[in-house]
Amino acid sequence: MSCELTQSVLHGYVDGELDAARAADFERHLVSCAECVAALEAQEALRSSLQRAGLYERAPLTLRKKVRADLGSPAADQIPITAVSRRPSWAWLAIAATFVLAALIGWRLVEMRGARESAYASAIVDAHLRSLQPGHLEDVVSTDQHTVKPWFDGKLDFAPPVRDFAGDGFPLQGGRLDAVGGRTVAVLVYARRKHIVNVFVWPSSGGDAAPRSGSHLGYQWLDWRKDGMEMCAVSDVAAADLDTLQQLFIN
Amino acid sequence: MSAGAEERGSDVLDLQDRARFEQLVLPHLDAAFNLARWLLRGRTDAEDVAQEAMLRAFRFFRGFHGGDARAWLLQIVRNTCYTWLEKNRPLELTTEFDEELYPQPSVTPESLAIAGDNRERLTRALEDLPPHFREVLVLRELEGCSYKEIAAVTSMPIGTVMSALARARQRLLRRLTQPDSAKSQEAKR
């Protein structure tokens, strides 16, 4: 006795890649198939092991420098080779020490950036968790973007791009004001199957930026900048779902 | 209009292109390195190959007409990795893309939690998979790519991604839950 769905559809379900109808079909199937339930548990355990293990390996600083040098950018010229050649040998020690110091500083910078990113992730995820408390999710409850958009008028000094994506599987549920990292932000609330996706929006000073993403406490976040707005989607749905939502926003 | 007109200009991208490259492609350097590290199973080789791939991406950048920059870059990284493997470790590529369906291993989340909490063991299990299995897992679980992106990176039809992942995960689970003979004997004492 072997259920063929454990070898196929189950994985689409785990990855959040089934459309709503097929996902619902599979959930009905789960009620009567112990094999799929066991397989689903095993797959979820495998995924959380993989995530907890921290297997992602970031590019080392040396590679970053080499690539920059290849691109001919100014950072490439920062290694002082000409100054080195005529020094007496004892000076090598000082030079070596300088390099060690520079490496340490570089390392600290990388660490600091990591710390900043994780502080950001935890602030966003905290705001997401807060919103899931009863009565905190929406200030304006409406699936109509023409109701939600004017609601923000006069409450903010910017106009968040309010759009309903019901046709693409992300129906708008409403909006609210929130505070993240000491600033007031607009939040658009979307549903994804039975999950809630919060999209935080605030004005950004930089230009458009490609998405950054990560996970914190088991929640996925995906951040991008477009047309002067920074947006960050947070949810417990699969990362791929957030990618889809981001694509909907930028297209 | 001849198609070659654009390429006849200088090989060097102008400043605007470079700025666009730095903005769109360079942020994915971590993704490039991570994929190379797992395909080549080592950081040193990965560093060289990722550097070469970035250079290639830079040269081909005129051919990138918008869309998913990460998937575009990762496709170049993957191709560069396979070319490198063919040249330096051809044996690693001879493992066939196994079509056999194995029975579902009997795994309890508890037993997996114990096996999977060991980072070293997970790393070894992942590295033991044939490259075609390893890459879909790395793209999905570490890089968080969607099926569509995985299809774009690996040139696999999108319909095949799900079954490739299914087989890869099955293998990884089996590999992780195989009793580690030495350890389990010690545990019995």
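Small disclaimer: the values here were computed from a predicted structure and weren't measured. (Residues numbered from 1 in each chain as written. Chains lettered and ligands numbered in written order. Predicted model: local features only at pLDDT ≥ 70, side-chain atom pairs only at ≥ 80, totals over all residues.)

(A) Molecular detail of the overall build of chain B. Across its full length, chain B carries 10 helices and zero strands. Starting at the N terminus, the α and β elements of chain B follow one another as α-α-α-α-α-α-α-α-α-α. In chain B, buried positions account for 41% of the 189 residues. Here the analysis covers contacts within chain B between residues at least 6 apart in sequence; of these, 68% occur between residues at least 24 apart. (Helix = DSSP H or I, 4+ residues; strand = E, 2+ residues; numbered from the N terminus. Buried ≥ 20, exposed ≤ 12 C-beta atoms within 10 Å, placed from the backbone. Contact = placed C-beta atoms within 7 Å.)

(B) Broad picture of the overall build of chain A. When its secondary structure is counted, chain A shows seven helices and seven strands. Ordered by position from the N terminus, the helices and strands of chain A form the series α-α-α-α-α-β-α-β-β-β-β-β-β-α. The buried share among the 251 residues of chain A stands at 28%. Of all intrachain contacts in chain A linking residues separated by at least 6 positions in sequence, the fraction that spans at least 24 positions is 52%.

(C) Examining the packing of helix 4 (residues 61–70) of chain A against helix 3 (residues 43–60) of chain B more closely. As a packed pair, helix 4 of chain A and helix 3 of chain B sit with axes 10 Å apart at the nearest point and diverge in direction by 30°. Compared by their axis directions, helix 4 of chain A and helix 3 of chain B come out roughly parallel. Pair helix 4 of chain A / helix 3 of chain B crosses with right-handed handedness. Only B:Glu47, B:Ala50, B:Gln51, B:Met54 and B:Leu55 of helix 3 of chain B make contact with helix 4 of chain A, whose side of the interface consists of A:Thr62, A:Leu63, A:Lys66, A:Val67 and A:Asp70. Here the residues of the contact of helix 4 of chain A with helix 3 of chain B sort into five nonpolar, two polar and three charged. (Axes fitted to C-alpha atoms, helices over the stretch in contact; angles between N-to-C directions. Parallel < 35°, antiparallel > 145°, perpendicular 65-115°, else oblique. Left-handed = near helix turned anticlockwise from the far one by under 90°. Nonpolar A, V, L, I, M, F, W, Y, C, P; charged D, E, K, R; others polar.)

(D) Seen up close, the interface of chain A and chain B. At the interface, 38 residues of chain A touch 41 residues of chain B. Where the side of chain A that touches chain B is concerned, the elements lending two or more residues are helix 1 (9–14), helix 3 (34–52), helix 4, strand 5 (209–216) and helix 7 (239–250) of chain A. At 10 residues, helix 3 of chain A tops the list of elements feeding residues into the side of chain A that touches chain B. Its residues assigned to classes, the side of chain A that touches chain B comprises 16 nonpolar, 11 polar and 11 charged.

(E) Quick peek at helix 2 (residues 29–40) of chain B. When the terminal C-alpha atoms of helix 2 of chain B are compared, their 16 Å separation across 12 residues agrees well with the 16 Å that a helix rising 1.5 Å per residue should span. Of all the 12 residues making up helix 2 of chain B, 11 are buried; the element is thus mostly covered by neighbouring parts of the structure. Taken as a whole, helix 2 of chain B has its buried residues at B:Leu29, B:Ala31, B:Ala32, B:Phe33, B:Asn34, B:Leu35, B:Ala36, B:Arg37, B:Trp38, B:Leu39 and B:Leu40. Here the buried face of helix 2 of chain B lies against helix 4 of chain A together with helix 3, helix 4 (69–88) and helix 7 (131–142) of chain B. B:Arg41 sits one or two residues past helix 2 of chain B and shows a positive phi near 60°. (Expected span 1.5 Å × (residues − 1).)

(F) How the structure looks around unusual backbone geometry. In this structure, A:Asp227 takes a positive phi of about 50° despite not being glycine. By the secondary structure assignment, A:Asp227 is in the loop between strand 6 (219–226) and strand 7 (229–235). The residue B:Arg41 is not glycine, and still its phi comes out positive at about 60°. Structurally, the position occupied by B:Arg41 is in the loop between helix 2 and helix 3.

(G) Quick look at the pairing of strand 5 of chain A. Looking at chain direction, strand 5 of chain A and strand 6 of chain A are connected through six bridges and run antiparallel. Within strand 6 of chain A, the residue paired with A:Arg212 across the bridge is A:Asp223. (Pairing = 2+ DSSP bridges.)

(H) View of the sheet that holds strand 6 of chain A. All names here are of chain A. Pairing in this open sheet of seven strands is antiparallel, and the strands run 1-2-3-4-7-6-5 from one edge to the other. Looking at which strands have only one partner, the edges of the open sheet turn out to be strand 1 (140–141) and strand 5. The pairing of strand 3 (residues 183–192) with strand 4 (residues 195–203) spans seven bridges and is antiparallel. Across the sheet, the residue bridging to Leu188 is Val199, located in strand 4. Along the sheet face, helix 7 touches strand 3, strand 4, strand 5, strand 6 and strand 7 and points at about 20° away from the line of strand 6.

(I) Structural view of helix 8 (residues 147–154) of chain B. Residue and element names in this part refer to chain B. Tyr147, Glu149, Ile150, Val153 and Thr154 are the residues of helix 8 that are buried. Down the axis of helix 8, the buried side of the element spans an arc of 160°, and every buried residue falls inside it. Lining the buried residues of helix 8 we find helix 4, helix 7 and helix 9 (158–177). Positioned one or two residues after helix 8, Ser155 has a phi angle of 55°, which is positive. (Arc of directions from axis to C-beta.)

(J) Highlighting the confidence of the model for chain B. Residues and elements named next belong to chain B. In this model, chain B carries a mean pLDDT of 80, and residues with pLDDT of at least 70 account for 75%. Confidence drops under pLDDT 50 across residues 1–11; counting only partners more than four residues distant or on other chains, this segment forms one contact. Note that pLDDT drops below 50 for residues 181–189; the model gives that stretch one contact with residues more than four away or on any other chain. (pLDDT = per-residue confidence, 0-100.)

(K) The confidence of the model for chain A, seen in detail. Of all residues in chain A, 88% have pLDDT values of 70 or greater, and the mean over the chain is 82. Contacts for the low-pLDDT stretch residues 74–88 of chain A, under 50 throughout, to residues beyond four places or in other chains number five contacts.

(L) Spotlight on the environment of A:His195. Residue and element names in this part refer to chain A. Structurally, the position occupied by His195 is in strand 4. Taking the C-beta count within 10 Å as the criterion, His195 has 13 such neighbours and is therefore assigned partly exposed. Linking His195 and Val237, residues 42 residues apart in sequence, is a C-alpha distance of 6.7 Å. Among residues more than four places away in sequence, those in contact with His195 are Ser235, Asp236 and Val237.

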